[in-house]
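Results of the structural survey
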Amino acid sequence: CDVIKQKHLHQGYRIFTDSFYTPSHLSTDLLHQRTFLIRAMKRTSSTMPSCLKDLELFEKVSARDFRWHRDGALVYLQWKECKTATIISAIHKGSATERCAWTVNERSLYKKKMVVQPMVIWDYNSNMGDVDKSNQILNKYGWSVLMAQF
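Cut-offs applied
Residues numbered from 1 in each chain as written. Predicted model: local features only at pLDDT ≥ 70, side-chain atom pairs only at ≥ 80, totals over all residues. Heavy atoms only, no water. Core = buried A, V, L, I, M, F, W, Y, C linked by side-chain atoms within 4.5 Å. Buried < 20%, exposed > 50% of the residue type's maximum accessible area, 1.4 Å probe, protein only. Helix = DSSP H or I, 4+ residues; strand = E, 2+ residues; numbered from the N terminus. Contact = heavy atoms within 4.5 Å. Pairing = 2+ DSSP bridges.

1. Some remarks on the nonpolar core
- If you look at the biggest cluster of nonpolar residues, it comprises 14 residues, and the most contacted ones within it are I38, I87, W102, V120, I121 and Y124.
- Of all elements in the fold, only strand 2 (36-41), strand 4 (74-80), strand 6 (97-106) and helix 3 (119-128) reach the threshold of two or more residues within this core.
- When near neighbours in sequence (up to four residues on either side) are disregarded, I87 contacts I38, R39, A40, V75, Y76, L77, V120, I121 and Y124.
- Of all hydrophobic cores here, the second largest spans 8 residues; its members include F36, L74, I88 and A90.

Here's what the structure looks like:
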């Protein structure tokens, strides 16, 4: 909490971060200061709840499926699209969903389709904006494909 100025604490602000350089205890530390951290979590994190660590089984479910676990005030939600993403939030309900339009590829034609998405994922993607786009692109393609350009 030392990196956030005191005037920004206790205001109910929401902070969105990716999984890099964000210590796991920061979510609870900020929650005590009435500042809410919504962040991505690495699949190798030691603080991942044991019930969500079995990704091998979850990877086999269909796209746009999710599961969640509440641990005290924090909700851990895993969402499967191309890959599995884990998001932690103190202000979202794990079961809350939002209908949103997605561009999907059906038989080589791209169409807009209404899909159900967890609210925490929608909120995270909406507020991370272009910051998280580079991470999404890097995760979609392997390093060998990216490095072949150089």
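Next comes the rest of the write-up.
2. Looking at the pairing of strand 5 (residues 84-89)
- Most of strand 5 is tucked away, with 5 of its 6 residues classed as buried.
- With 6 bridges connecting them, strand 4 and strand 5 associate as antiparallel partners. Counted as the bridge partner of V75 is S89 from strand 5.
- Counting the residues that bridge the hairpin from strand 4 to strand 5 gives 3 residues.

3. Description of unusual backbone geometry
- The phi torsion at R34 lies on the positive side, around 55°, for a residue other than glycine.
- Counting through the fold element by element, R34 comes out in the loop between helix 1 (26-31) and strand 2.
- Of note, S108 is a non-glycine position whose phi angle comes to about 65°, a positive value.
- Within the fold, S108 resides in the loop between strand 6 and strand 7 (109-118).
- Given the relative accessible area of 66%, S108 is considered exposed.

So, to be careful, I would describe these as geometric facts and stop short of saying anything about function.
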